[in-house]
Amino acid sequence: MSIRHGLLALLEPGPRYGSQLRSEFESRTGATWPLNVGQVYTTLNRLERDGMVVQEGADEAGHALYVITEQGRNELRTWFATPVDRANPPRDELAIKLAMAVGTPGVDIRAVIQSQRHHTVKAMQDYTRLKAQALAAIEGGGSTERDDVAWLLVLEQLIFQTEAEARWLDHCEMRLIRLSAAAGPAAGPETPGAAADAGRTATARTRPGEGAAEPAVPTGRRGTRGAFRR
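Residues numbered from 1 in each chain as written. Predicted model: local features only at pLDDT ≥ 70, side-chain atom pairs only at ≥ 80, totals over all residues. Heavy atoms only, no water.

Asker: I keep staring at the packing of aromatic side chains and nothing clicks. Help me out?
Answerer: Geometry of an aromatic ring pair is reported as the spacing of the ring centres plus the angle between the planes. Per the counting criterion, the structure on display carries 2 aromatic pairs. When the centroid spacing of 5.1 Å and the interplanar angle of 40° are considered together, the rings of Trp-79 and Phe-80 count as tilted. (Phe/Tyr/Trp six-rings, centres within 6.5 Å; stacked < 30°, edge-to-face > 60°.)

What follows is the structure, given as structure tokens:
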């Protein structure tokens, strides 16, 4: 649904063709959620079927142009005015992985948590670095484009998300330690002694870059200010 409404928002200023919409969508979001042209045209066909857009002529290169209709504008206004529904949250791979790791023979769930924490903290550091570069470009007058501001908001959302994930991983590890200590030796490998060792591990802070795999940093805008551009 976000692609559907995102395309409507990009059509609001005026006519666009498919690959142009894809480029503008990725520019606005820093290519955090890349689209392929097939997705764009499939979505445009559905919007046209639903009366949200119409084809209206072509540009000089022969690209079919799409125009938002009044019905599409009403849909877009409703989308902006309606809170995002959290009644059916999207599947989260990390939450599913930890849920499946509990009770799966041969899986050291603390090792899974610690590995993910290293990755999450490294990602947070990289997002923060990109944010500082984006802010420097905007505040220094090097950029006034709304796409750069939109990219900054996306980066800040990713920072808040990774911060929350790191706190949740700490909580998960401490929860397992408390449950293991309460269960006692009968619980198996999770003995009180092992729980104490895990407690010391849980309180240790991850050093920058320590044992971390490369995080999934958005590839659309990296490094210097110049690298942010399309």
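There is more to say, and it comes next.
Asker: Quick question: what am I supposed to make of the nonpolar core here?
Answerer: Soluble globular proteins tend to bury their nonpolar side chains together. Leu-7, Leu-8, Leu-11, Leu-21, Leu-44, Leu-47 and Val-53 are the most contacted members of the largest nonpolar core, which has 15 residues in total. Among the elements of the structure, α1 (2–11), α2 (18–28), α3 (37–49) and β2 (64–68) are those that each provide at least two residues to this core. Examining the composition of this core, we find that 4 residues originate from one element, α1, more than from any other. Once residues within four sequence positions are removed from consideration, Leu-11 is found in contact with Arg-16, Leu-21, Leu-44, Val-53, Tyr-66 and Ile-68. (Core = buried A, V, L, I, M, F, W, Y, C linked by side-chain atoms within 4.5 Å. Buried < 20%, exposed > 50% of the residue type's maximum accessible area, 1.4 Å probe, protein only. Helix = DSSP H or I, 4+ residues; strand = E, 2+ residues; numbered from the N terminus. Contact = heavy atoms within 4.5 Å.)

Asker: When you look at the packing of α1 against α2 in this model, what are you seeing that I'm missing?
Answerer: The packing of two helices is summarised by the inter-axis angle and the distance between the axes. Closest axis-to-axis distance for the α1/α2 pair is 10 Å, and the angle between their directions is 105°. Here α2 runs roughly perpendicular to α1, going by the angle between their axes. Two secondary-structure elements touch here, α1 through Ser-2, Ile-3, Gly-6, Leu-7, Leu-10 and Leu-11 and α2 through Leu-21, Glu-24, Phe-25 and Arg-28. Looking at side-chain class alone, the contact of α1 with α2 contains 6 nonpolar, 2 polar and 2 charged residues. (Axes fitted to C-alpha atoms, helices over the stretch in contact; angles between N-to-C directions. Parallel < 35°, antiparallel > 145°, perpendicular 65-115°, else oblique. Nonpolar A, V, L, I, M, F, W, Y, C, P; charged D, E, K, R; others polar.)

Asker: Just to check I follow, could you spell out the pattern of salt bridges for this structure?
Answerer: Summed over the entire model, instances satisfying the criterion amount to 11 salt bridges. Here Glu-24 makes a salt bridge to Arg-16, at a shortest N to O gap of 3.0 Å. Accessibility assignment for this pair places Glu-24 and Arg-16 in one class, buried. Among the salt bridges present, the one from Lys-122 reaches Asp-126, with a minimum N-O distance of 3.0 Å. Note that Lys-122 and Asp-126 are positioned in helix α6 (residues 109–139) at a spacing of 4 residues, about one turn of the helix. Looking at Lys-122, the relative accessible area reads 17%, which means it is buried. (Salt bridge = Lys/Arg side-chain N within 4 Å of Asp/Glu carboxyl O.)

Asker: Hey, could you run me through helix α5 (residues 93–101) in this one?
Answerer: Every α-helical turn comprises 3.6 residues, leaving residues that sit three or four positions apart pointing alike. The complete set of buried residues in α5 reads Leu-94, Leu-98 and Ala-101. Angularly, the buried residues of α5 cover 60° about the axis, an arc narrow enough to put them on a single face. Away from its buried face by more than 90 degrees, α5 exposes Glu-93 and Met-100. The secondary structure elements touched by the buried residues of α5 are α6 and α7 (146–183). N-capping of α5 is provided by Asp-92, with a side-chain oxygen placed 3.1 Å from the backbone N of Leu-94. (Arc of directions from axis to C-beta. Polar contact = N/O pair within 3.5 Å; in protein donor to acceptor, adjacent residues only side chain to side chain.)

Asker: Help me understand α6 in this model?
Answerer: An ideal rise of 1.5 Å per residue puts 45 Å on 31 residues; α6 measures up with 44 Å between its terminal C-alpha atoms. Two or three places before Arg-110, at the opening of α6, Asp-108 has a side-chain oxygen 3.1 Å from that residue's backbone nitrogen. (Expected span 1.5 Å × (residues − 1).)

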